[in-house]
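The lines below spell out each chain.
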Amino acid sequence: MADDVKHGHEIGPIEQQALDHVWIHSARWLDLAERDGLRVMVRGEGCRLFDARGRAYIDGLAGLYVVNVGHGRTEIAQAMAQQARELAYVSAASYTNIAAVQLADVLAGLTPGDLDRFFFCSGGSEAVESALKIAKQVQAMRGFPKRYKIIARRGGYHGATFGAMSITSSRNEKFFGPFMYGVSFVPSPNRYRNDFGIEGEEGDLRCAEAIEEEIQSQGPDTVAAVIGEPVSVSNSNHVPSPRYWQRVREICDAHGVLLIMDEVINGFGRTGTMFATEQFGVVPDLMTMAKGLSSGYAPIAAVAVGRQLFDEFKKQDVALAHLLTFGGQAVSCAAALKNIEILQREELPQRSAQQGRYLLGRLEQLRTHPTVGDVRGLGLMCAVELVRNKQTKEPFGWGPAAAAHPFNRRVAELMEERGLLTRVFMSIQLCPPLVIGREEIDEMVAIVDESLSVAEQEFGFA
Ligand SMILES: Cc1ncc(COP(=O)(O)O)c(C=O)c1O
């Protein structure tokens, strides 16, 4: 029996228990309890999700940029069950297990250059924390104990734990400041609103020079690392020229600064290749990965570490002063191994490139909308940027704050009512599982189109 009725929707027992006891990350209470925003999901199949009321949705965000191989993969479930029966866990401090060894070996064959050592952990934030600590410890071990500063990019997102949050420019000073000391932010490539007012590739390259300027201004012998996502989703999917990343690599090398590339979202086929760094022709010193590593079937993440960095630990016979209990958990590693086997067998990175081109082409047709300022993306990581004014490019809000604007909220609500789950902040994010078919892409685009038309009518844009 329903315990509560709001807005004509019956709240079932499982939904009531969720309202009573579950803290849904970053969701607002009233949105869940009074605006019918609570979704208790029951089942998934391919690109579809089904909730406790039997409603079906297209998962337009692959969960949270996670479920690259799609929902309902029985063979991953079987691989996990078999591993759990054999051995679920051994101490990450002292031992490893067969699944972790096999996973590290497979990853070493996939990651670019000499990134062939893997530090396993449970999620993207932990991977970023680990990469920061490895970078700082390596700098100290190389005789540069004063190299502790990190340069990150405005608009980037690297996670929610303290270190990762500190290098995320939308960090919430009011609630969580002061942050990790020694972090500074530089402009990110943006072909729609370049910080220097320079268009195209030249604008990207100007942003690379801003990193050089920041290193000089901080003092090169104080900087440990530069971090960035190859293509930043939190900064609305601007795709830089490969020359941008190549120049950043040169700048880091010239100053003894380590380069950390955060592939937590980009990795495992999302941008049309196994890792986005391949498309930019650079090899970072450290690369973080999570999400698509297991497609969400188990929590797992990793830092890929360059040989020269690990050699430092070997040569000096010093341990990394860092330990995470669930690093290399065997069942998670078994899930990741099977997930990668599927990605390769079904050529999902290539499919992501093809279907991404089709999706982007379809989204281009939305430019006729009075609120669509730009459309862009790489692989199945596309964005439709929404603006109040196409001439001035004035947005409905900046960064994550844009999600709270009534227009953007209404667009999200209308899409959900029509069966498309995604996120709207400065842009509508379209990043479905890589198995998506053309008809499902057409269905997604039709829902976005119709939802925009309705919201534009209601808000007086049409
Ligand atoms: C680029 C990037 N890095 C790190 C993280 C943090 O990952 P997690 O939420 O798994 O801790 C995210 C999460 O979205 C991300 O997008």
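Definitions and limits used
Residues numbered from 1 in each chain as written. Predicted model: local features only at pLDDT ≥ 70, side-chain atom pairs only at ≥ 80, totals over all residues. Helix = DSSP H or I, 4+ residues; strand = E, 2+ residues; numbered from the N terminus. Rg over C-alpha atoms; globule rule 2.2 N^0.38 Å. Buried ≥ 20, exposed ≤ 12 C-beta atoms within 10 Å, placed from the backbone. Contact = placed C-beta atoms within 7 Å. Pairing = 2+ DSSP bridges. Near = placed C-beta within 6 Å. Axes fitted to C-alpha atoms, helices over the stretch in contact; angles between N-to-C directions. Domains from an automatic or database assignment. Nonpolar A, V, L, I, M, F, W, Y, C, P; charged D, E, K, R; others polar. Core = buried A, V, L, I, M, F, W, Y, C linked by C-beta atoms within 7 Å. Expected span 1.5 Å × (residues − 1). Arc of directions from axis to C-beta.

Points about the overall build of the protein chain
- Across its full length, the protein chain carries 16 helices and 17 strands.
- For 462 residues, the compact-globule estimate of 2.2 N^0.38 gives 23 Å, and the protein chain sits close to it at 22 Å.
- Expressed as lengths along the three principal axes of its C-alpha atoms, the size of the protein chain is roughly 65 × 60 × 45 Å.
- Taking all 462 residues of the protein chain together, 48% fall into the buried category.
- Across the protein chain, contacts joining residues at least 24 apart in sequence account for 72% of those joining residues at least 6 apart.

Concerning the environment of Gln-137
- Topologically, Gln-137 is positioned in helix H6 (residues 124-141).
- The class for Gln-137 is partly exposed, based on 19 C-beta atoms found within 10 Å.
- The spatial distance from the C-alpha of Gln-137 to the C-alpha of Arg-147 is 9.5 Å, given a sequence separation of 10 residues.
- Each residue touching Gln-137, except ones within four places of it in the same chain, is listed here: Leu-320 and Ala-321.

A short note on the pairing of strand E12 (residues 301-306)
- Of all 6 residues that make up E12, 6 are buried, and the element is covered over most of its length.
- Here E12 shows a buried face lined by Ala-301, Val-303 and Val-305 and a second buried face lined by Ala-302, Ala-304 and Gly-306.
- Both strand E6 (residues 115-121) and E12 contribute to a ladder of 6 bridges, which runs antiparallel. Its bridge partner lying in E12, Leu-115 is registered against Gly-306.

Comments concerning the site of the ligand
- Close to the ligand lie 13 residues, the nearest being Gly-123, Gly-124, Ser-125, Gly-159 and Val-264.
- Residue contributions to the shell around the ligand peak at 3 residues, all from H6.

So, the sheet that holds strand E8 (residues 183-186)
- Strand order across the open sheet formed by 7 strands is E6-E12-E11-E10-E9-E7-E8, with mixed pairing between neighbours. Strands with a single pairing partner mark the edges of an open sheet, and in this sheet they are E6 and E8. For this sheet, the mean angle separating the axes of adjacent strands, direction not counted, is 20°.
- Here strand E7 (residues 149-153) runs beside E8; their pairing, made up of 4 bridges, is parallel. Across the sheet, the residue bridging to Ile-151 is Ser-184, located in E8.
- Its contacts with the sheet put helix H12 (residues 307-316) on E6 and E12, and the angle it makes with E12 is roughly 85°.

Things to note about the domain arrangement of the protein chain
- When the domains of the protein chain are assigned, the result is domain 1 (39-69 + 347-458) and domain 2 (74-345).
- Taking the mean C-alpha position of each, domain 1 and domain 2 sit 26 Å from one another.
- With 30 residues of domain 1 at the contact, the number on the domain 2 side is 25 residues.
- Of all elements in the fold, only helix H3 (62-65), helix H14 (348-364), strand E13 (372-377), strand E14 (382-389) and strand E17 (427-430) reach the threshold of two or more residues within the side of domain 1 that touches domain 2.
- Among the elements that make up the side of domain 1 that touches domain 2, the one with the highest residue count is H14 (5 residues).
- Its residues assigned to classes, the side of domain 1 that touches domain 2 comprises 16 nonpolar, 10 polar and 4 charged.

Some details on the nonpolar core
- Core analysis: the biggest nonpolar cluster contains 126 residues, and Ala-127, Ala-135, Ala-225, Leu-286, Ala-302 and Ala-304 have the highest contact counts within it.
- Considering every element that reaches this core, the biggest residue donor is helix H13 (residues 330-345), with 9 residues.
- Counting residues domain by domain, this core receives three or more from each of domain 1 (39-69 + 347-458) and domain 2 (74-345).
- Beyond its immediate sequence surroundings of up to four residues, Ala-304 is in contact with Leu-107, Thr-111, Leu-115, Phe-118, Leu-286, Met-287 and Met-289.

Considering helix H4 (residues 74-86)
- Between its first and last C-alpha atoms H4 spans 19 Å; for 13 residues at 1.5 Å apiece the expected length is 18 Å, and the two agree.
- Buried residues of H4: Ile-76, Ala-79, Met-80 and Gln-83, and no others. Each buried residue of H4 lies within a common arc of 95° when the element is viewed along its axis, so the set occupies one face. Structural note: H4 exposes Thr-74, Gln-78, Ala-81 and Arg-85 on the side pointing more than 90 degrees away from its buried face.
- On the buried face of H4, the contacting elements are helix H5 (98-110) and H13.

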